[in-house]
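Listed below, chain by chain, are the residues.
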Number of protein chains: 2
Amino acid sequence: MKFVYSFNEGSKDMRSLLGGKGANLAEMTKIGLPVPFGFTVTTEACNKYYEENKTIADEIVDEIHEKMAELENVTGKKFGDTENPLLVSVRSGSVFSMPGMMDTILNLGLNDETVITLSNLTDNERFAYDSYRRFIQMFGDVVMEIPKSEFDAIFDGQKEKAGAEFDVDLTAEDLKAVIVEYKALVKKFMGREFPQEPGEQLMEAIQAVFRSWNNDRAILYRKLNNISDKLGTAVNVQAMVFGNMGDTSGTGVAFTRNPATGENALFGEFLVNAQGEDVVAGIRTPKPIKEMAVSFPDVYKDFERIADVLEKHYKDMQDMEFTVERNKLYMLQTRAAKRTAVSAVKIAVDMVGEDLISKETAVSRIDPNQIDQLLHPNFDEKAEAEAEVLAKGLPASPGAATGRIYFTASDAEAAVANGEKAILVRQETSPEDLAGMVAAEGILTARGGMTSHAAVVARGMGKCCVAGCSEIAVSESEKTLTIKDDVYKEGDYVSLNGSKGIVYKGEIKTVAPEFSGDFGTVMSWADEIRSLKVRANADNPRDAKQAVEFGAQGIGLCRTEHMFFEEERIPAIRQMIMAETEEERRAALAKLLPFQKSDFKAIYEVMEDKPVTIRLLDPPLHEFLPHTEEDTRELAEQTGISYAKLSQIAEELSEFNPMLGHRGCRLAVTYPEIAEMQTRAIIEAAVEVKQEKGFDIIPEIMIPLVGMESEIADVKATVEKTIGTCLGEYGVEMEYLIGTMIEVPRAALTAGSIAKEAEFFSFGTNDLTQMTFGFSRDDTGKMIKEYMDKGILADDPFQTIDQEGVGSLMEHAVKQGKQTRPNIKLGICGEHGGDPRSIEFCHKIGLHYVSCSPFRVPIARIAAAQAAIKEKIAD
Amino acid sequence: MKFVYSFNEGSKDMRSLLGGKGANLAEMTKIGLPVPFGFTVTTEACNKYYEENKTIADEIVDEIHEKMAELENVTGKKFGDTENPLLVSVRSGSVFSMPGMMDTILNLGLNDETVITLSNLTDNERFAYDSYRRFIQMFGDVVMEIPKSEFDAIFDGQKEKAGAEFDVDLTAEDLKAVIVEYKALVKKFMGREFPQEPGEQLMEAIQAVFRSWNNDRAILYRKLNNISDKLGTAVNVQAMVFGNMGDTSGTGVAFTRNPATGENALFGEFLVNAQGEDVVAGIRTPKPIKEMAVSFPDVYKDFERIADVLEKHYKDMQDMEFTVERNKLYMLQTRAAKRTAVSAVKIAVDMVGEDLISKETAVSRIDPNQIDQLLHPNFDEKAEAEAEVLAKGLPASPGAATGRIYFTASDAEAAVANGEKAILVRQETSPEDLAGMVAAEGILTARGGMTSHAAVVARGMGKCCVAGCSEIAVSESEKTLTIKDDVYKEGDYVSLNGSKGIVYKGEIKTVAPEFSGDFGTVMSWADEIRSLKVRANADNPRDAKQAVEFGAQGIGLCRTEHMFFEEERIPAIRQMIMAETEEERRAALAKLLPFQKSDFKAIYEVMEDKPVTIRLLDPPLHEFLPHTEEDTRELAEQTGISYAKLSQIAEELSEFNPMLGHRGCRLAVTYPEIAEMQTRAIIEAAVEVKQEKGFDIIPEIMIPLVGMESEIADVKATVEKTIGTCLGEYGVEMEYLIGTMIEVPRAALTAGSIAKEAEFFSFGTNDLTQMTFGFSRDDTGKMIKEYMDKGILADDPFQTIDQEGVGSLMEHAVKQGKQTRPNIKLGICGEHGGDPRSIEFCHKIGLHYVSCSPFRVPIARIAAAQAAIKEKIAD
């Protein structure tokens, strides 16, 4: 068994043994690129270290010594030598990059003697002693675990003593004084001197890297990201090169293409006579990489060549680090580069054009979450950078918006009718604000989380929204918005960045989204690859149209209740609620029928042959009643029903936990006439649109909140009887499907029985998550954030399906459902239907489609394709 | 294969083939008792009938004919004979008695000719024609499925025509007219004459019984009661005997012992010259069975002997039907008799004494739900029967109470202090009413369901409560109770029957419960038999004491929040809630510590060595804030915190769905200092009581509402750290257990992970049911009732564990929990812990204990024993 590999012994395929960094260093060495020589202690050595009670086995120590000798040979330098000392960097390198682990120790090999040599060699005493000081500090911190603050106190003390404002104001003599104190500190803490022997320094540093694999933050990170504790970390030991050996030296970072635009040209920065740290320190401004062509013409030519080699070799845009030591170029790192959505799309399409990668690879390189950036207006970057931030809230719905603030839906509507751009500002929105939300450019609320009404509706409309902005105080009566001590009045300008959750002062120029040709190309590739269908959640023709434009293959969830809130309908709804007899209720429902029917007709006309799943009424009836005394009094006047009577009805209907109350199919059990009216509207609309337009419509009627077979059987009987009557009246036949949401844990648990009645399941993962966790999403937003901060939750379960809990219920339901009814249709219509990781899970457990808000349809198409690609690779 | 059995061919062990009734008729025949001869068509014939598309196979028809011939032979009568006609009864007889199935057709064999013979033989023309009329009506209804209302219309028409007030006022001539019209009705509906041929009547009746096996009501009943559709029903055909052939005939019903008291003496009623139906008609008052000794001395002696034979034979109290035809006794039915709790206990103990049955049989004969009757005061039966019913509500907590009504807790307390008996009447109760509830004899509320605060707390205290009595209007401000138009004022007497949910006017004498020797004997047998331990839910020393008296083996759930509501503590709790910094919160908690500690000490002192599981704070903090503006203003005055500030805090803490909000362990995550204080109180109390009294206390600390391993890990770390500190301060060691409730579906689903941290699981099936069904128990009471009425739910899932849904989660959790931690301690502390069917389920899935309210402990002990017996039999 071999535990240590020289860079010329490995390759990029040995990532699991050498870690990401080590494998790439080996690969670059292998293909003949100039990499300072070194070696990698493997992840298996790390595992062995833990198996043997945190000691490095003798055989590994021996191997390290051999490799060090080889390194001395290759470099012609010697560890601890006072003439030509070998200095090395020690870096951790796990398979996945992992915060919390020991990162880097530079200049290892320095001691009281070699520091003098370094000073002479670089002709820079200050640099040498600063390096030594940093080395002791870094070693003391990460190897010896001496609190950083102790070192800081000494350093700051010296600065004060010397009257130095900045670190760089300290002289070599000052730094020597710091070193004396640092060493005293080490002695005090460790009971021994700072190790002067480079070999000892090295072994301690390697052990420290191994130890850092199991520190709390690293363990937590692995837990949260499902990374096995068994992977272990590698350690890279590499000869130091110096970019700060005068004007013939330098250091830089570069990308093979432009990570912002995707342009196929080198992009990056470099600094003459500097080390990486100097760039970070920000004392000098780096120069664009192109200028290297002037300062280091030969080196630059070489670097261009290497960049090209690396990109062709890795078949992806590279992010590279390099150092020039006395006109010689050294590559210190290469890895796949991060990129913006625009550049990701362009690079993917370009590289397929260059025959560098396949369409599958191109699609799998797109981060689906980034796609969102391409679908919404954004601020002009420069203008946004200069704008004044007023407050931060939740990034509830992406995009950018600018306009005058209005505090009621009707004010916003009126302003827009006058040709203004409006931002609707509310404490929180309710369904009654819908028209104002449609009219406004963006929505800002002081309360409510990522799944509040404002957030959900705005996302559905693709409208920019900042929600739960607790820093602002909204007075809807006085029509003012107060932030700290500043008061903003109706008509004042603000701007919102819904992707970041920021409220800016004043107007900022927005840039409209461009659906470039590259974007369309990538999407069409995704559609070729994926097997999971993508539908949209859409409640009206406008959203349905938007969804189809974004490529939706049907509607997975058409909520009927949103239609009920519109101005001309709400009186009939309320009349129905206040009915004391079935007859009165039927009379009110009869008024609603034509509205519902015409809504459904309009949706069917947009969707043509595509499937449309319509859900029967879901929310508790009290949601439709006025919420304030004022509105109740108004309703009393309108209806002639006394205020007292109305209050009594509201009181009777009020619930302690409406989430778990009289809603969903429970309404249809109690008031079958509601389900009858809705069924009639669905069927009549379908029959008529089919007759008028010839579309092949197969209505899908979805019964919500089912928990028992007997429950769906009851409602299904009502629905089927109505369908029979309806079709009889038209004298036609029509196929249809009746199915259910799986959103109550019991429905998932007993899915085998429920599938006897249900022809399709649609997972309502919002409610399923609420009930499985016992988290009311209206109430636990703050708590969930706290849980994520504490590492109790890795992800917000309302954004990404909790696979261990909620996901296990889904898997169970899919299995049982298919067992009972092999051809059962399976989908998801919770918001998770637009989340890439959740989509991958849906693909894996065998759903047939996901349904998400229209603006997430493109994201879902990419994510679905990626899931298919992953599965193919895994096979 | 044989499909028809004469009564002399079967036995009681052939129940599944012959049905319950047929098997017992055969058994009586077999042991030589006088049973009118007959035969049983088997359940397999019924199944074959369905297999062969609802036709009776020829071979079965042949067998029936053979058996009819034998019956004619034995009786010396002939079907359709005009001299000595054979008349038979046809009765269904399934394995389990089942409502909705065809019950009985009497006098089959009557037609236009034999009715004349019957008239002559009985010398009672009216009787004969009434029998014929009833036969046509019954046959028309159940065999021909002609609507009953059609027959009723004819009959009522005739009554009107004849000027008859009662049925009996109709003469033979009137009845003949009715028969003519009945036959016309049959002709109209069926297109054929009413069948005159007895053989045809018989085959049609048998088919009708078979058909009734699959009518909607029967199917629903089987579904609800988990009875297989495959069992089928048998049909019993038996020669008629007549109790109405003059003064030497009669009919009666009797029990071998007294079903009310258990006294070992014949108990029953009989009627001379009558048929069973006459008893039902209520025209004549039956006489006590003993008087038969006078009217029929020989027959009575014979009956006494037969009763004795039957009881010894069946080894159980029998419920018998008999007819005397011309001084000859015929047994028509025998079966195990229903009995009251008192008699059940006495009979069980007596029969063991008589060496008739084993202790296991004795215990399994007690209906655990009835035990409750023995533990509470009851009304004097006669006084209750005469009392005026004012209203009906929910039977929220059993027992009887009488007293003067008071409308506030403090008024009730004051009245009791003055020596009065008080009934506390409230709109609904809240924790602040606790002292008044303790003082009152009983509690009456207008709102709230079986699991409302009033109901839960009253059951816990074993106090009579009628809840959710929507017929009453309570004005707490005016201190009046209005029922319809009657107003009752403070101090007026009412009486409550909490077992039935009835409110009576005035005082009714109550009878205190007697824990008779027999009761103790049966309970001790149950304890010998059961393996499942029984603990109690008790929050204070009073309840703990009661629980121990009822035989509890520990406390399975000690809720700490109830202690918080007491007058001297609530200010500190509120101070804690209103704290803006951790320091302020800690200061408030420090005030609570001595209270909590002394509570726990008192409980430990009562419980001695028995285990006590204490649950950390569970409810959301807003529950502790005042609910009305008035109370909030009072608090503002008390604390000096402004009303506006208090309102703001209340607003911030308020939740849309508190059930699923910031509560349970989520509080301990956010405010670890609360868990620290409670842990300290628990440990300090345990250490001190152990030192002072020498009890071997092992505290069990329960973390509520856990849904994730990481969540319990977080809270457990806080708890363990505090325990370490505490024990260090005392300088002692102490064993302890830390565990969790399993009450969130996700906890059950991921129990395997959670068991890594939890040393015990206690199933909180109240919340688990709420979240698994998505039923808020505060909001869905009415709906659940509707579901039960419609047959959508067989049982209220808050009373009996829903085994298919909630139960499957429990089973999963038990399995996974044991896999991770084989010695994990498993219990249940939801209210289901006191429900016999749920207890059987808990035994089956391998829980170690159930915990229920003190007054259900005896019930649980019996139910646990019965579960063990059932399992033993099944093995």
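Residues numbered from 1 in each chain as written. Chains lettered and ligands numbered in written order. Predicted model: local features only at pLDDT ≥ 70, side-chain atom pairs only at ≥ 80, totals over all residues. Heavy atoms only, no water.

For chain A, an unreviewed UniProt entry supplies the name Pyruvate, phosphate dikinase and the organism Emergencia timonensis. According to UniProt, the comment filed for chain A under the heading Cofactor (unreviewed entry) is "Mg(2+)". Taken directly from UniProt, the Sequence similarities (unreviewed entry) text for chain A runs: "Belongs to the PEP-utilizing enzyme family." (UniProt positions renumbered as here; feature names shortened; annotations may be inferred.)

Colleague: Is there a simple way to explain the side chain of Asn537 of chain A in this structure?
Modeller: Residue and element names in this part refer to chain A. Position of Asn537 among the secondary structure elements: in strand β26 (residues 533–537). Taking relative accessible area as the criterion, Asn537 reaches 9% and is therefore assigned buried. At 2.6 Å, the side chain of Asn537 and the side chain of Ser851 are in polar contact. Residue contacts for Asn537: discarding those within four places in its chain leaves Gly556, Leu557, Arg559, Cys829, Ser851, Cys852, Ser853 and Pro854. (Helix = DSSP H or I, 4+ residues; strand = E, 2+ residues; numbered from the N terminus. Buried < 20%, exposed > 50% of the residue type's maximum accessible area, 1.4 Å probe, protein only. Polar contact = N/O pair within 3.5 Å; in protein donor to acceptor, adjacent residues only side chain to side chain. Contact = heavy atoms within 4.5 Å.)

Colleague: What's the story with the pairing of strand β19 (residues 464–467) of chain A in this structure? I'm lost.
Modeller: Look at any regular strand and the pattern is simple: side chains alternate between the two faces of the sheet. Residue and element names in this part refer to chain A. Neither face of β19 is open: one carries Cys464 and Val466, the other Cys465 and Ala467, and all of them are buried. Note: strand β15 (residues 394–397) against β19, 3 bridges, orientation antiparallel. Residue Ser397 lies in a different strand from β19, and its bridge partner there is Cys465. In this structure, strand β18 (residues 442–445) lies alongside β19, joined through 3 bridges in parallel fashion. The partner of Leu444 across the bridge, within β19, is Val466. (Pairing = 2+ DSSP bridges.)

Colleague: Sorry, what's going on with a negative patch on the surface here?
Modeller: Residues and elements named next belong to chain A. On the surface, a cluster of negative charge is made up of Glu413, Glu566, Glu567 and Glu568. Of note, Glu568 is situated in the loop between α22 (561–564) and α23 (570–578). Using a relative accessible area of 53% as the deciding quantity, one classes Glu568 as exposed. (Patch = residues over 30% accessible without salt bridge, like charges linked within 9 Å, V, L, I, M, F, W, Y side chains within 5 Å. Areas by Shrake-Rupley, 256 points an atom, 1.4 Å probe, with all protein chains shown as cover. Salt bridge = Lys/Arg side-chain N within 4 Å of Asp/Glu carboxyl O. Lys, Arg positive; Asp, Glu negative; His and termini not counted. Charge placed at Lys NZ, Arg CZ, Asp CG, Glu CD.)

Colleague: Can you walk me through the environment of Gln333 of chain A in this structure?
Modeller: Residues and elements named next belong to chain A. Mapped onto the elements, Gln333 comes out in strand β12 (residues 328–336). When the C-alpha positions of Gln333 and Asp778 are compared, they lie 47 Å apart, and in sequence the two are 445 residues distant. Leaving out residues up to four positions away in the same chain, Gln333 has contacts with Lys21, Met28, Asp319, Met320 and Glu321.

Colleague: What is the right way to read the domain arrangement of chain A from this model?
Modeller: Interfaces are often described in size by the accessible area the parts lose on coming together. Looking at chain A, the domain boundaries give domain 1 (246–339), domain 2 (377–511), domain 3 (530–560 + 572–619 + 657–874) and domain 4 (621–654). One C-alpha centre belongs to domain 1 of chain A, the other to domain 4 of chain A, and the line joining them spans 70 Å. (Domains from an automatic or database assignment.)

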